[in-house]
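Breakdown of the fold
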Amino acid sequence: MKIDILDVPIDNLPKIEILNQIKNFLNSTHQNLITTPNPEMLVDSERDWFFKEIFRRSNLNVADGFGLVLASWFLYGQTLIRYPGTDLMVDICQLAQEENKSIFLLGANQDVVDATAKKLLEFYPKIEIVGTNPGLRISVVCNDDETRVWHNEFLTGLNFNQEDNQKIIDQINQVKPDILFVAFGHIKQEKWLMSYLSQIPSIKVAVGVGGAFDYISGAATRAPQVVRSLGLEWLWRLFSSPIYRTQRVFKATFTFLSLVWEYKKILKRPLRRGVVGFITNKSGEFFIARRTPEPYDCYSLYTEQWQPPQGGAEQGESLENAVIRETKEETGMTVSVICGSRTPHIYNWTTNSVRQYRFKKYRGTEKYIFLLQYNGDGSDIKLEKAELCEYKWVSLEELKHTIHPLRRLSLEILLNDCLNKLPIEAK
């Protein structure tokens with residue numbers, strides 16, 4: 001069972017079920033990413049589409065933070081099971097010993113990561129720790145025009161020495177661990193894992209563990225058990241290092257709770273009915289346009305968003321008429337409908353940012369997808385600059401790689417429902 005908090009899906013499972021699922025991960029043929037979201041991470045995901053998208057793509061999101069428990073109760077009246085990240089890491093190590101799976105520790109600094117390995121061997125003498133590495137220096141950049149850091153379709157926002165990074169990947173691949181724990185700090189560790197996990201094929205379970213190395217090694221002191229059971233570990237950390245923690249605690253409490261308050265109001269709103277039009281020409285190419293950036297965009301740190309024409313259907317307007325009208329308004333093209341999907345693409349607008357949509361009438365949209373035919377010569381194409389700033393015609397394969405990840409599901413729905421209607425040239 002999953003519980004959505006600020007449009008981040010949190011797995012609400014008992015600890016034994018989580019560990020059973022991880023056991024299955026370890027014996028599968030696929031790679032599995034586990035995250036441990038807390039309130040501070042959810043606040044940061046509001047400003048960074050890629051970070052939020054990682055939670056939506058990961059295989060397991062385990063609640064680490066008492067604020068998520070409170071938010072679940074406030075939003076849905078449901079009890080969310082909390083599983084602190086440090087406890088989860090230790091329990092995975094026990095599972096690794098039982099299943100004869102090897103571990104690699106990456107992050108913190110050399111003294112801390114070595115001390116963590118030593119402490120884990122005290123806990124579990126038969127555990128196989130095949131390597132440690134303190135990681136590399138990573139900075140988070142704003143991705144302005146001069147510092148854009150790309151990885152595949154994402155602007156990661158991470159900047160680091162690529163040669164050093166490759167040495168780390170090579171080291172891990174030499175020892176072929178089954179489990180990788182990464183302690184770069186949140187945002188950095190999740191983005192790094194999403195970007196590079198596929199280059200380390202032996203890994204079956206990868207987990208971003210934040211400050212867990214510090215607590216396990218003894219470099220930092222965890223709150224007493226009674227404090228943790230009351231959900232006041234954040235207060236303990238604040239008193240332990242007030243200068244360092246004040247801003248982070250404010251983010252994880254007041255900022256987080258204000259976003260949850262807005263989110264609850266948004267969830268009560270209806271969905272808007274809309275349309276998406278994938279246009280093909282006489283050559284079997286597809287039309288794709290770049291969305292005009294806006295100051296409040298949260299699409300993966302201002303990433304360029306390529307998308308087909310789309311928009312809302314007016315009250316009483318048929319979906320077919322709506323997609324023809326929207327296409328005409330946004331591109332100037334006159335098109336005809338080849339096929340319409342049976343399934344809408346439904347999503348909350350808060351997938352981008354709660355604050356961006358707190359004053360909107362709707363909480364999101366259900367968009368119906370259409371395959372459209374354009375028979376013109378291109379002379380009538382005139383983009384509505386407020387919506388779209390440039391366009392190009394691409395093959396179907398190029399379209400799959402060009403379209404923004406947030407819009408990719410619309411294309412998948414179209415191909416599922418209308419594949420047999422595609423022109424021969426487009427297949």
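Residues numbered from 1 in each chain as written. Predicted model: local features only at pLDDT ≥ 70, side-chain atom pairs only at ≥ 80, totals over all residues. Heavy atoms only, no water.

Here the focus is the nonpolar core. In this structure, Ile22, Ile34, Met89, Leu105, Phe181 and Phe213 are the most contacted members of the largest nonpolar core, which totals 34 residues. Those elements that provide at least two residues to this core are α1 (15-26), α5 (85-99), β5 (102-107), α6 (110-123), β11 (179-183), β12 (205-208) and α9 (212-217). Ranked by residue count, the leading element in this core is α5, at seven residues. The contact partners of Ile22, leaving out residues within four places of it in the chain, are Ile34, Leu60, Leu88, Ile92, Leu95 and Val205. (Core = buried A, V, L, I, M, F, W, Y, C linked by side-chain atoms within 4.5 Å. Buried < 20%, exposed > 50% of the residue type's maximum accessible area, 1.4 Å probe, protein only. Helix = DSSP H or I, 4+ residues; strand = E, 2+ residues; numbered from the N terminus. Contact = heavy atoms within 4.5 Å.)

Although it is not a glycine, Asn100 sits at a positive phi angle of roughly 60°. Residue Ala108 is not a glycine yet carries a positive backbone phi of 65°. Within the secondary structure, Ala108 is located in the loop between β5 and α6. Owing to a relative accessible area of 37%, Ala108 belongs among the partly exposed residues under this scheme.

So, about the sheet that holds strand β4 (residues 60-61). The sheet built from six strands is open, its strands ordered β4-β3-β12-β11-β5-β6 with parallel pairing. Each edge of the sheet is formed by a strand with only one pairing partner; in this case those strands are β4 and β6 (128-133). Two strands pair when backbone bridges link them, and β11 and β12 are joined in this way by four bridges, in the parallel orientation. Across the sheet, the residue bridging to Phe181 is Val207, located in β12. Packed on one face of the sheet, helix α7 (residues 162-175) meets β5, β6 and β11 and runs near 165° to β5. (Pairing = 2+ DSSP bridges. Axes fitted to C-alpha atoms, helices over the stretch in contact; angles between N-to-C directions.)

A few words on the pairing of strand β1 (residues 2-5). Burial along β1 is one-sided: the face carrying Ile3 and Ile5 is buried and the face carrying Lys2 and Asp4 is not. When β1 meets strand β2 (residues 8-11), the two strands line up antiparallel, connected through four bridges. Across the sheet, residue Lys2 finds its bridge partner in β2, namely Asp11. Connecting the antiparallel pair β1 and β2 is a turn made up of two residues, with Leu6 showing a positive phi of about 55°.

Okay, α5 next. Taking 1.5 Å as the rise per residue, α5 with 15 residues should run 21 Å; its terminal C-alpha atoms sit 21 Å apart, in good agreement. Of all the residues in α5, the buried ones are Gly85, Thr86, Leu88, Met89, Val90, Ile92, Cys93, Leu95 and Ala96. After α5 finishes, the residue Asn100 shows a positive phi value of roughly 60°. (Expected span 1.5 Å × (residues − 1).)

Two elements in contact, α1 and α5, have axes separated by 11 Å at closest approach and are oriented at 50°. In terms of orientation, α1 lies oblique with respect to α5. Crossing handedness for the pair α1 and α5: right-handed. Judged by residue contacts, Ile18, Leu19, Ile22, Lys23 and Leu26 of α1 engage Leu88, Asp91, Ile92, Leu95 and Glu99 from α5. (Parallel < 35°, antiparallel > 145°, perpendicular 65-115°, else oblique. Left-handed = near helix turned anticlockwise from the far one by under 90°.)

With that settled, consider the side chain of Asp44. Tracing the backbone through its elements, the reader meets Asp44 in helix α2 (residues 39-45). Looking at Asp44, its side chain comes within polar contact range of the side chain of Arg47, at 3.0 Å. Leaving out residues up to four positions away in the same chain, Asp44 has contacts with Phe51, His186, Ile187 and Lys251. (Polar contact = N/O pair within 3.5 Å; in protein donor to acceptor, adjacent residues only side chain to side chain.)

Glancing now at the confidence of the model for the protein. Low pLDDT marks regions whose predicted coordinates should not be analysed in detail. Of all residues in the protein, 86% attain a pLDDT of 70 or more, and the chain-wide mean is 88. For the stretch residues 296-302, pLDDT sits under 50, and the model shows 33 contacts to residues farther than four places along the chain or on other chains. (pLDDT = per-residue confidence, 0-100.)

The next point concerns the packing of aromatic side chains. All chains considered together, the criterion is met by ten aromatic pairs. Seen in terms of ring centroids, Phe160 and Tyr196 are 6.1 Å apart; in terms of plane orientation they differ by 65°. Their pairing is edge-to-face. Taken together, the residues Phe160 in the loop between β10 (158-159) and α7 and Tyr196 in helix α8 (residues 188-196) connect sequence positions 36 residues apart. Since its relative accessible area comes to 10%, Tyr196 is described here as buried. Relative to Tyr196, the ring of Trp192 lies with its centre 5.7 Å away and its plane at 40°, an arrangement referred to as tilted. (Phe/Tyr/Trp six-rings, centres within 6.5 Å; stacked < 30°, edge-to-face > 60°.)

What follows deals with helix α3 (residues 49-57). Of all nine residues in α3, seven are buried, a share of seventy percent or more. Among the residues of α3, Trp49, Phe50, Phe51, Lys52, Glu53, Ile54 and Phe55 are the ones counted as buried. One side-chain oxygen at the N-terminal end of α3 lies 3.2 Å from the backbone nitrogen of Phe50; it belongs to Asp48.

Another aspect to go through is the pattern of salt bridges. By the definition in use, this model includes 15 salt bridges. Its salt-bridge partner being Asp417, residue Arg342 comes within 3.2 Å of it at the nearest N-O pair. One end of the pair, Arg342, is in the loop between β17 (336-340) and β18 (345-348); the other, Asp417, is in helix α15 (residues 405-418), and 75 residues separate them in sequence. Its relative accessible area of 7% is what places Asp417 among the buried residues. Linked by salt bridges that have partners in common, Glu317, Arg325, Glu326 and Glu329 make up one network. (Salt bridge = Lys/Arg side-chain N within 4 Å of Asp/Glu carboxyl O.)

The subject of this paragraph is the state of the cysteines. What is meant by a disulfide is a covalent connection between two cysteines, made through their sulfur atoms. Under the definition given, this model contains one disulfide. Disulfide pairing places Cys339 opposite Cys418 at an S-S distance of 2.2 Å. A torsion of -75° about the S-S bond marks the disulfide between Cys339 and Cys418 as left-handed. Remark: Cys418 occurs in helix α15 and Cys339 occurs in strand β17; sequence separation between them is 79 residues. Since its relative accessible area comes to 1%, Cys418 is described here as buried. (Disulfide = S-S within 2.5 Å.)

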